Amino acid sequence: MKRIIIFASGSGTNAENIIKHFNEKENAVVTHVFSNNQRAKVLKRAHQLKVKSLHFDRTSFYESNEVLRILKDANPDLIVLAGFLWIFPEKILKEFPHKVINIHPSLLPKYGGKGMYGSHVHDAVIKNKEQESGITIHYVNEEYDKGAIVFQAKTKIEIDDTAEDLAKNIHKLEYKYFPITIEKILFPGLED
């Protein structure tokens, strides 16, 4: 049984979608949800879905080895960032090489980097009159949104689309492709 740990900072709709997806599988399970925001809705969602949840602060993530120790004990096969806004510490990345992925709401390398998340991305895409946007699932390294790309999916932007319209279309892509991409990473030989 493959073990997945999710890191999230906010509402947690992607986390919930991933947990539910793997609850229906026999080969993988989400064991924990970690959040750097103790008021994040994702912690409540995890609790309701009977997944262990953990809140941590900046000190336990960056300065001490507290989060790293918990991760090592949990021994995940994959760490999934689903709306997690802090840069991942090098010490954790070294301990889990090629085992940390993130989803970004644009077609990287466009609209990536520090401060580019959620509505900030969609506002910029609409402002620049792009004809398409999408999602990027990528490995995490020491820089925001610079890791190797695993998967991208696109959505067309209509001339009168607002940032809110785009956000809805991006969410649809995330819900459809994030769980199955995680599955393909965990089980590379598995057919659809």
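See above for the structure.
Residues numbered from 1 in each chain as written. Predicted model: local features only at pLDDT ≥ 70, side-chain atom pairs only at ≥ 80, totals over all residues. Heavy atoms only, no water.

Peer 1: For this particular structure, what's the right way to read the nonpolar core?
Peer 2: Across soluble globular proteins, nonpolar side chains have a tendency to be buried as a group. Membership of the largest hydrophobic core comes to 36 residues, with the highest contact counts inside it found for Ile4, Ile6, Val80, Phe178 and Ile182. Top element by residues in this core is helix 7 (residues 163-186). It accounts for seven residues. In this view, isoleucine 4 contacts Phe22, Ala28, Val29, Val30, Thr31, His32, Leu78, Val80, Ile182 and Leu186; residues no more than four positions away in its chain are not counted. Leu68, Ala74, Leu93 and Val100 belong to the second-largest nonpolar core, a separate cluster that totals 19 residues. (Core = buried A, V, L, I, M, F, W, Y, C linked by side-chain atoms within 4.5 Å. Buried < 20%, exposed > 50% of the residue type's maximum accessible area, 1.4 Å probe, protein only. Helix = DSSP H or I, 4+ residues; strand = E, 2+ residues; numbered from the N terminus. Contact = heavy atoms within 4.5 Å.)

Peer 1: Please clarify how the sheet that holds strand 1 (residues 2-7) should be interpreted in this entry.
Peer 2: One key point about sheets: their strands pair by backbone hydrogen bonds, in either a parallel or an antiparallel sense. Taken in spatial order, the seven strands make up an open sheet running 3-2-1-4-5-6-7, and their pairing is mixed. The open sheet has two edge strands, strand 3 (52-55) and strand 7 (149-156), and neither has a second partner. Within the sheet, the average angular offset between the axes of one strand and its neighbour, ignoring direction, is 20°. As defined by bridge partners, strand 2 (residues 28-35) adjoins strand 3 across four bridges and the pair is classed as parallel. Within strand 3, the position partnered with histidine 32 by the bridge is lysine 52. With respect to the sheet, helix 4 (residues 66-74) is in contact with strand 1, strand 2, strand 3 and strand 4 (78-81), its orientation differing from that of strand 1 by roughly 155°. Across the sheet, helix 7 touches strand 1, strand 2, strand 4, strand 5 (100-104), strand 6 (132-139) and strand 7, and the angle it forms with strand 6 is around 30°. (Pairing = 2+ DSSP bridges. Axes fitted to C-alpha atoms, helices over the stretch in contact; angles between N-to-C directions.)

Peer 1: Could you clarify how one ought to interpret the side chain of threonine 136 in this entry?
Peer 2: Along the chain, threonine 136 turns up in strand 6. Looking at threonine 136, its side chain comes within polar contact range of the main-chain oxygen of serine 106, at 2.6 Å. At 2.9 Å, the side chain of threonine 136 forms a polar contact with the side chain of glutamine 152. Among residues more than four places away in sequence, those in contact with threonine 136 are Asn102, Ile103, His104, Ser106, Leu107, Leu108, Ile149, Phe151 and Gln152. (Polar contact = N/O pair within 3.5 Å; in protein donor to acceptor, adjacent residues only side chain to side chain.)

Peer 1: Sorry if this is basic, but what is going on with unusual backbone geometry here?
Peer 2: If a residue is not glycine, its phi is most likely negative; likewise, a peptide bond is most likely trans. Following leucine 108, the chain continues to proline 109 via a peptide bond in cis, the omega torsion being 10°. Looking at where proline 109 falls in the secondary structure, it is placed in the loop between strand 5 and helix 6 (118-127). Not every positive phi belongs to a glycine, and histidine 98 is a case in point at roughly 55°. Along the chain, histidine 98 falls in the loop between helix 5 (90-95) and strand 5. Its identity as a non-glycine residue notwithstanding, tyrosine 111 has a phi of 60°, on the positive side. Locating tyrosine 111 in the fold gives a position in the loop between strand 5 and helix 6.

Peer 1: Sorry if this is basic, but what is going on with helix 4 here?
Peer 2: One turn of the α-helix equals 3.6 residues, which is why residues spaced by three or four share an orientation. When we look at burial in helix 4, the residues that qualify are Val67, Leu68, Leu71 and Ala74. Around the axis of helix 4, the buried residues are gathered within 125° of arc, so they sit on the same side. Facing away from the buried surface of helix 4 by more than 90 degrees, the exposed residues are Arg69 and Asp73. Elements in contact with the buried residues of helix 4: strand 1, strand 2, helix 3 (58-63), strand 4 and helix 5. (Arc of directions from axis to C-beta.)

Peer 1: Looking at this structure, I do not really get the packing of aromatic side chains. What am I missing?
Peer 2: Where two aromatic rings form a pair, the distance of their centres and the angle of their planes describe that pair. Under the defined criterion, the tally for this structure stands at 17 aromatic pairs. Each ring, one from phenylalanine 56 and one from phenylalanine 84, has its centre 6.2 Å from the other, and the planes form 45°; the classification is tilted. One end of the pair, phenylalanine 56, is in the loop between strand 3 and helix 3; the other, phenylalanine 84, is in the loop between strand 4 and helix 5, with 28 residues separating them in the sequence. Comparing phenylalanine 56 with phenylalanine 84, the two get one shared label, buried. Members of the aromatic cluster, each reached through a chain of ring pairs, are Phe7, Phe34, Phe56, Phe61, Tyr62, Phe84, Trp86 and Phe88. Here the basic side chain of arginine 58 rests over the ring of tryptophan 86, its NZ or CZ set 4.3 Å away from the ring centre. (Phe/Tyr/Trp six-rings, centres within 6.5 Å; stacked < 30°, edge-to-face > 60°. Lys NZ or Arg CZ within 6 Å of the ring centre and 35° of its normal.)

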